[in-house]
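# Analysis of the macromolecular model
One-letter residues, chain by chain:
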Amino acid sequence: MNNIFNIKSIQINVILTIFQVVASGLVFFLLYKYLYETLGAEKIGLWSLLIGITAISRIGELGLTGGVVKFISEAINLNQYDRASKIVQTIFISLLILVSILILISYFPVQSILIFATKQEEIYLIKQILPFSFLSIFLMILIGVLSGAFDGIMLMGFKNLLLGFSHVFYLFLVYKMVPLYGLIGVAYAQCIQYLILLILMWIILKREIKELPFLPYKWDLNVIKDMFSYSVNFQAISIVGML
């Protein structure tokens, strides 16, 4: 009976993963087609440049999100839901602080590089959009923590369903906001998408891990040590494997 249940669970996860991939591909095709027709190739290039360069803040992850799946899965298998809650909260708080600091340090250097690399008439637009570009990367990193937790409790399919619908919602927001705000409307849409997704994922995760509070407040140094050690070892094995 358990084997049948596991097979069905795997099939559902595969179907929902395919849905997420197809939805994402279709959404981004329609998105860039729409942006090209309404804003032009130059504005798309500027948006891509902003997203690419602000992704420097992902360095602040320090590979911590990679271990979330493993450690959450182990805790759940041992029915240690309090530890699972502590892992989610600790990594969430740690990355919130680390990435915030990195954004504050890199904000003005990144802005200067962008101003130097773009046209004079685009400087004002860059200054408008840059905070939202950093915010979207920041939210995406926090979503990565919850995404790992979803995988750890075997809700990969449901996570992919959420991601697929969030991409569709993002496209809807872009259609509504770009005519009103231009390129910055894309940044608004992405931040709204990520914020709503983050809240939804936290609420759903709380239903699965009852010990998880509405707002994270627990931080455990031992969790950080374990996660960082795992991350370093995993990265070292990956590097050796490429040699």
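All of these numbers come straight from a predicted model, not from anything done at the bench.

## A short note on the nonpolar core
Counting residues in hydrophobic clusters, the biggest one holds 66 residues, and the most contacted among them are Ile 72, Ile 91 and Leu 205. Of all elements in the fold, only helix H1 (2–38), helix H2 (41–54), helix H3 (68–77), helix H4 (81–117), helix H5 (123–152), helix H6 (156–181), helix H7 (183–208) and helix H8 (221–242) reach the threshold of two or more residues within this core. Looking at this core element by element, the count peaks at 15 residues for H5. What Ile 72 contacts, discounting residues up to four positions off in sequence, is Ala 84, Ile 87, Val 88, Ala 149, Gly 152 and Ile 153.

## Observations regarding the pattern of salt bridges
Two side chains bearing opposite charge may form a pair once their charged atoms approach each other closely. Evaluated as defined, the whole model comprises six salt bridges. Measuring nitrogen to oxygen at the nearest pair gives 2.8 Å for the salt bridge that ties Lys 70 to Glu 74. Placement of both Lys 70 and Glu 74 in helix H3 is noted, with a separation of four residues, approximately one turn of the helix. For Lys 86, the salt bridge is made with Asp 220, and the minimal N-O distance between the two is 3.7 Å. Within this pair, whereas Lys 86 is found in helix H4, its partner Asp 220 is found in the loop between H7 and H8, the two being separated by 134 residues in sequence.

## Concerning H6
Between its first and last C-alpha atoms H6 spans 35 Å; for 26 residues at 1.5 Å apiece the expected length is 38 Å, and the two agree. In H6, a bend of some 25° at Tyr 175 exceeds every other bend along the element, and Pro 179, a proline, comes one to four places later. Gly 182 sits one or two residues past H6 and shows a positive phi near 75°.

Calculation notes
Residues numbered from 1 in each chain as written. Predicted model: local features only at pLDDT ≥ 70, side-chain atom pairs only at ≥ 80, totals over all residues. Heavy atoms only, no water. Core = buried A, V, L, I, M, F, W, Y, C linked by side-chain atoms within 4.5 Å. Buried < 20%, exposed > 50% of the residue type's maximum accessible area, 1.4 Å probe, protein only. Helix = DSSP H or I, 4+ residues; strand = E, 2+ residues; numbered from the N terminus. Contact = heavy atoms within 4.5 Å. Salt bridge = Lys/Arg side-chain N within 4 Å of Asp/Glu carboxyl O. Expected span 1.5 Å × (residues − 1). Bend = angle between axes of the 7 residues up to and from the residue.

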